[in-house]
Amino acid sequence: MVLLFQNCGEFESADGFANISSTDIPDSALIGKAIYAERCASCHQPIESSRKLGRSPEQIIWGIENVPQMAGIKLTTFEIRAVSEALKIDPAICEVQDKPGHIPSNRMSHQEYNRAVNDLFQITGNWTSGFTADNSASFFDNESFSKQTNSLLTEAYFNNSKRIVDSLFANQTALNRLMVCNPNQGRACASIIVNQVGRLAFRRPLDSEDINGLLGPFERAQALGLNFNDSLKASLRAILINPNFLFKIFKQTNQKVRDLDQFELATRLSFFIWGSIPDDGLLKRAEQNQLLAPEVLDQEIKRLLASPKSKYLVNSFAWQWLGLEKIYNAAKQPDPTLFPTYTSQLREDMVSETLTFFDRLIVENKSPLDLLLGDYSYLNQRLSDHYQFNQALGSDFRKVDIPSNRSGILTHGSILRMTSNPNETSIVNRGAWTMERIICEEPPHDAPDGVDTTIPELPGLSLRERLEVHRNKPACISCHSVMDPLGFAYENFGPIGQFRTQWKDGFAVDATGQLPDGSRFNGVHELALRITENGVFQRCFSKHLLSFATTRQIGLNDGCTVNRIGKRNITSESQFSDLINAVIKSDPFLRYQNEEIQ
Amino acid sequence: MSLPKWAIHRRAFLRGLGGTISLPFLEAMMPFQKLYAQSLNLPPRMIYLWFDLGVYRTDWVPTGNGRNWTLPSNLSPLQNHKNEIIMLRRVRNYYGDSHNEGGGDHARSIGTFLTCAHARYGDGHPGPDFGLPNPTTARLQHQGPGTTEGFAAFQQQAYGNKIAGSVDQLAARLPWNNSYSLKSVQMRVGGGGDSHHNSINQHLSWTNYNTPAPRFQDLHSLFDTIYQRRPTGDVVDPRISAVDTSILDTVGPTVAKINRMVGSADKMRLDKYLSETRDLERKISSVNPMPTQKVCGLTTTSRPQSAGPRFDDHIKMTLQLFVKAFQCDITRVATHGWHYGNFSFLTDSAGRTLNLEPHNSYSHHGDNAESRDGLRRISQYWAEIFAGFLQEMKQADDNASGSLLDNSQILFGCGMQDGNGHNSDYGDTELPIILAGRASGKWSPGKLVDTGNMIRLADIHLNMLQNMGSTDQKFGDSAGTQLNL
């Protein structure tokens, strides 16, 4: 394999795994592997051939509690999590496997479709009328496995193609751009236009078979006596419903694993950063067979990031990663009589704070660690007053320093608000959100049958003490022992994000807690420090970004890649573009794996 | 037609759906149409209305039996419709139980409701994996604590094969539906909260064991899809359909070309798209509307403007669109899920606040009086909305062959009985299920059915499926019990 990319001063081959060092494997997985060998392997086979690969801590605990042969096994919570870690990231996988992961040929997401149509004709509009809801198996709407068509969607593609071309022909500027030849030339001119639009739509040059096929409707319309424009519309509609436009298609050869070709790579790049089709420049690079040259690829990544279209990373990746839509959750809003200052305007300010933070992080190329540890934020007067920061800012959002009790995005009003119940914080919601989004642990399912999930009324005890009585019930502890401490870390901030030192019950807020590995924290800033010191956040954030970039769920085989990307590219010295580069230059992004291999 | 309890909050419609226009000459053709419809042997409408989180059981259980029965206090809004509904005691959905899989009742209560197959939650998209593991989508870390290899064997033993689809989708595949382009319509309102078991808790309707049926979540898309199919009485310019056909014709050769270079699963996806365009082509070339269709009151002005954030407005507007779709005979199968779990601050038609906290914190009431009342109020409001729907269906004429309600079979209910502990694994459980309509004469409503024995939800589904013309003798865990409905 040709050596392609320079990264952190060392060379990596594109097939990756050969050069992974043991430092890419989390310590806890190594510990877990040792525990497994000692305590589990006698019944469950060596870890490499274990049928328990992928088991979660929850499942292991269930086994210990319910399987008679496992009775008597005593493991601490940390040890159980370590074993689970080893079962998820088998260290052996890193050294021997070449499995970049299969991504099926899939239709665009609705968001991608809309952006692609608009970019194709340089128009703006909403073209998703009549679409059935997009399904997704990950946090991200571009998740490929679920992107199939159905009869209603196909019909809407067809109907909307008419709306799109009608609107295009009613827009003189867009029409002038389109009409690059003289309609009097008839088919010859139509052929030029179809070739030009088709190349962008299909993300590759058209061959004569493509062009002749697409001109079929033009010819039919001409034969029926329709004028040039109406005939051309028919062929443009044929482009818009063509699978080469609607689907991202991956060729399957007899190679089990191969590098993406130039055009597949151009498409994957532009859909990752722009959520849309490649532009002429990117396509040219692919046509010139240059895109895989390291300096050209670097240049193109830089160019794509610099384009205003890269706001997609903010509005789509960051939005979905954090689940910001939850702040609008229909009627899950605070009671206006209890929270008169929480207006829809303030809610917009909160959302703007988070989006601006992420936008500046990309534009100014800061360290992704700032997401959790940044000692600054972007506020306008209204939001600053709401946080009681006592500073003059004006109506525009400006960068300001924040007090030491706040920490990166975790203490943004948006996050604190959307993870709360209407009128009070929710320790469970905040804990579960942190698990899913920040440290990539599966939060538990809802309570099992018959478990009373109400928090007891116990006079004289603080909320925290009452919750502890509740969760110390055997049925609850395995889930809540991880979730609750994470949620408590945020308790210094009320349901609309204001700092507080006292609970409603009069007790002083207790925001201390302990992570499964035993490390302790008091408040959300210390939590942020702990999960960046042990690399958990770095791994998690890389995982989410890789999932978004590759349009698939990140699974067992990706553990080493995710860990390596996070460890090497999310440090206090690194820049956001390092991370983007590392994701793009990873095997899961650059290579195709046949569908038959599991 | 305007009913106080149906009042939609705010000015949600530009113009009400009530403003119907019908062309007199087509009305005059109706006896012929009716005759024609009978000769086609068209089935009743099949409607499933599902709500989440269960009810406050004590106030939801009817008393008496047969024709001599009393509505429970929580269902007082249905008093005027008592003769149009059938209540049933001791309904169970065996596969909605956890079968030692631990938590996840909420999710299961959705995915199992119309399938009566065990849904293993969280195996990732797209399937709940009804029956067998799906290695390509399995998210092992999502499997419940009790999901073991032994369990898969249990499932196979107990159930046999993979399911062919949910009951509504099986009905939609029956031959009479060939001439309908909208085979069925699925709409979901609400939900999408913090949940992470992402497949079975999002889908009531399933095309097969691992593919959810397409569904709408957005009123505009729902409206546009129904509206597209309205009979207009316009004569279509044959040149337009010829050009449209030639556009669709370009897909075939393209798919053939792509299929030569992609893997087999990808081929299936592309073939699926191709066959969908072929169906569309057939639809375009058969310009005649359904014989029973008449020009009906669907106009662009009845497009919902915006329902605002109100959960109940979305439900009511969806139901009104359903009524329109039935009146125009655009579809005969409809499923509507009300996913209320994370919502709060609902006021009923009289302006009374129903809940301050999310519904979920009421349904897990722990016998706390305040939460119990909250749950009761919400259940009562659902009954009120259901009553409003029945009223509209009753007032809608169905091509002079009775009302829409006469020619419908409606199932309204939930996959969990008790919102508090769920107790789906307990023998005394009974699901809240109400049937309504006459199923074109196959049901005789106005009664309480209590056989003293458990009634399987699957037997109810099977009955409804057979009423749609199916000859199936088995559905899910059905026991073939003849239900006197």
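Calculation notes
Residues numbered from 1 in each chain as written. Chains lettered and ligands numbered in written order. Predicted model: local features only at pLDDT ≥ 70, side-chain atom pairs only at ≥ 80, totals over all residues. Heavy atoms only, no water. Pairing = 2+ DSSP bridges. Helix = DSSP H or I, 4+ residues; strand = E, 2+ residues; numbered from the N terminus. Axes fitted to C-alpha atoms, helices over the stretch in contact; angles between N-to-C directions. Salt bridge = Lys/Arg side-chain N within 4 Å of Asp/Glu carboxyl O. Buried < 20%, exposed > 50% of the residue type's maximum accessible area, 1.4 Å probe, protein only. Parallel < 35°, antiparallel > 145°, perpendicular 65-115°, else oblique. Contact = heavy atoms within 4.5 Å. Nonpolar A, V, L, I, M, F, W, Y, C, P; charged D, E, K, R; others polar. Core = buried A, V, L, I, M, F, W, Y, C linked by side-chain atoms within 4.5 Å. pLDDT = per-residue confidence, 0-100.

Engineer: Help me out: how do you make sense of the sheet that holds strand E13 (residues 433-436) of chain B in this one?
Structural biologist: One key point about sheets: their strands pair by backbone hydrogen bonds, in either a parallel or an antiparallel sense. Residue and element names in this part refer to chain B. An order of E6-E9-E1-E12-E13-E4-E14 is seen for the 7 strands of this open sheet, with the pairing classed as mixed. The strands lining the two open edges of the sheet, one partner per strand, are strand E6 (185-190) and strand E14 (447-449). Put simply, the sheet's adjacent strands are angled 15° from each other on average, direction ignored. Sheet analysis places E6 next to strand E9 (residues 333-339), joined by 6 bridges and oriented parallel. By the bridge assignment, valine 189 is partnered in E9 with tryptophan 338.

Engineer: Help me out: how do you make sense of the pattern of salt bridges in this one?
Structural biologist: Residues and elements named next belong to chain A. By the definition in use, this model includes 50 salt bridges over all chains. As a salt-bridge pair, lysine 233 and aspartate 166 come within 3.0 Å of each other at their nearest N and O atoms. In this pair, lysine 233 sits in helix H11 (residues 228-240) while aspartate 166 sits in helix H7 (residues 151-169), placing the two residues 67 residues apart along the sequence. Classification of lysine 233 as buried rests on a relative accessible area of 18%.

Engineer: Would you take a moment to explain the packing of helix H6 (residues 219-228) of chain B against helix H10 (residues 311-327) of chain B for this structure?
Structural biologist: Between two packed helices, what matters for the description is the angle formed by their axes and the separation of those axes. Residue and element names in this part refer to chain B. Packing of H6 against H10 leaves a shortest axis separation of 11 Å and a crossing angle of 5°. By the criterion of interaxial angle, the relationship of H6 to H10 is roughly parallel. Residues Leu219, Leu222, Phe223 and Ile226 of H6 pack against His314, Met317, Thr318, Leu321 and Ala325 of H10. Of the residues contributing to the contact of H6 with H10, the split by class is 7 nonpolar, 2 polar and no charged.

Engineer: Is there a simple way to explain the nonpolar core in this structure?
Structural biologist: Looking at soluble globular proteins, one finds that nonpolar side chains tend to be buried together. Of all hydrophobic cores here, the largest spans 90 residues; its most connected members are A:Leu269, A:Phe272, A:Trp321, A:Phe358, A:Phe541 and A:Ile580. If sequence neighbours within four positions are ignored, A:Trp321 has contacts with A:Phe140, A:Phe358, A:Leu371, A:Ile409, A:Arg437, A:Ile438, A:Phe537, A:Phe541 and A:His544. If you look at the next biggest cluster of nonpolar residues, it comprises 61 residues, including A:Leu120, A:Cys181, A:Leu246 and B:Leu280.

Engineer: Would you mind showing me how to read the confidence of the model for chain B here?
Structural biologist: One rule of thumb: low pLDDT means the predicted coordinates there are not for detailed reading. Residue and element names in this part refer to chain B. When the pLDDT values of chain B are averaged, the result is 75; 66% of them are 70 or greater. When the criterion is pLDDT under 50, residues 121-161 qualifies, and its contacts beyond four places in sequence or with other chains add up to 122 contacts. Contacts for the low-pLDDT stretch residues 193-198, under 50 throughout, to residues beyond four places or in other chains number 24 contacts. Scored as a whole, the predicted complex attains pTM 0.81, and scored at its interfaces, ipTM 0.87.

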